[in-house]
Amino acid sequence: FLILLTIYRSNRAEWLAKLLAEQLKLEPPSPFEVVDIVVNTWPTSRWLKEELAIVNKISALIRFPFPGSYLKQIVQNILDEKVENDPWDTDQLVWTLLDLLPEFLSLKEAEPLKNWIYRHNPDLSHLNKETWRIARCIADTFDDYALYRPEYLNHWIESDNQSSIFSPSFPPLMQWQPLLFRELSKRINPKPFCLQVHTAIERLRKGDKPNEPLPKVLRIFGLSSLAPVQIELLQAISGLTNVQIFLLTPCPELWQRCKS
């Protein structure tokens, strides 16, 4: 199993940008090939585009996607499950939540959530700003769980019965969360990212080739952190395609501390 993963690190972002520009100059893409460089912020993309143009005199057909949406797209290509508007995206999920809440709040476990919502909106037949904010907060929380606590969501979905969801240490005031997520998973197809990504990783590690080819080179520039599940995905992808990470590290001592 060959790993094609290279990490370039420096404490100067401009040096990393120059290295990336030289690589594109020495091994230029074809005239109609789009080059994707994953970044973490929009200002980073503007600055990097200018740096590449300074060195190479031109910076065309380069896109700067964010890691979350880009890696989700790769997972969908691996599983051959393309979705134009991901129903688990927070902008979409918030409306599904608002549709589900009136029925869900009748459950005993949902009493803490019901008290909070009714304090701001006693009549859920009329949507107000505070109710939308609560639903958006829940959607954002589930989105964070999918990245940083996928084992929670996997357990909540795959548990045989309701009583097995709750561990002894699970706070009673939070028991509505797994029940609400289970109801969402029944209504929404496809599966959430936390389940899709593990299936994709297993296929890549077995050597299964995706129906659609992976990028020739997956370039990641200047990200300060990634979720563990995203790192596992990159490691699996590096068995089939070249992954290059341009990592900004403040000093060699800090790198040695986190190297293990």
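These lines cover the structure that appears in this document, whether it is placed above or below. Just so we're clear, the structure is a prediction, and the values are computed from it rather than from any experiment.

### Things to note about the pattern of salt bridges
Argument step 1. Taken as a whole and assessed by the stated rule, the structure comprises 10 salt bridges.
Argument step 2. Taking the shortest distance from any N to any O, the salt bridge between Arg63 and Asp36 comes out at 2.7 Å. With Arg63 in strand S3 (residues 62–63) and Asp36 in strand S2 (residues 35–38), the pair connects residues that are 27 residues apart, well separated along the chain.
Argument step 3. For Arg63, a relative accessible area of 47% puts it in the partly exposed group.
Argument step 4. Arg187 is paired through a salt bridge with Asp99; the nearest N and O atoms lie 3.1 Å apart.

### So, the nonpolar core
Argument step 1. One finds Phe104, Leu113 and Phe142 to be the most contacted residues of the largest nonpolar core, which totals 32 residues.
Argument step 2. Once residues within four sequence positions are removed from consideration, Phe104 is found in contact with Ala110, Leu113, Trp176, Leu179, Leu180 and Glu183.
Argument step 3. Residues Ala200, Ile237, Val243 and Ile245 belong to the second largest nonpolar core, which totals 26 residues.

### Overview of the packing of helix H3 (residues 67–79) against helix H10 (residues 228–237)
Argument step 1. Here H3 crosses H10 at 50 degrees, and the two axes come no closer than 12 Å. When the axes of H3 and H10 are compared, the pair comes out oblique. Where H3 crosses over H10, the handedness of that crossing is left-handed. Of the residues in H10, those in contact with Pro67, Gly68, Leu71, Ile74 and Val75 of H3 are Gln230, Leu233, Leu234 and Ile237.
Argument step 2. Split into classes, the residues belonging to the contact of H3 with H10 amount to 7 nonpolar, 2 polar and no charged.

Rules behind the numbers
Residues numbered from 1 in each chain as written. Predicted model: local features only at pLDDT ≥ 70, side-chain atom pairs only at ≥ 80, totals over all residues. Heavy atoms only, no water. Salt bridge = Lys/Arg side-chain N within 4 Å of Asp/Glu carboxyl O. Helix = DSSP H or I, 4+ residues; strand = E, 2+ residues; numbered from the N terminus. Buried < 20%, exposed > 50% of the residue type's maximum accessible area, 1.4 Å probe, protein only. Core = buried A, V, L, I, M, F, W, Y, C linked by side-chain atoms within 4.5 Å. Contact = heavy atoms within 4.5 Å. Axes fitted to C-alpha atoms, helices over the stretch in contact; angles between N-to-C directions. Parallel < 35°, antiparallel > 145°, perpendicular 65-115°, else oblique. Left-handed = near helix turned anticlockwise from the far one by under 90°. Nonpolar A, V, L, I, M, F, W, Y, C, P; charged D, E, K, R; others polar.

The values reported here are purely geometric and, on their own, carry no functional implication.
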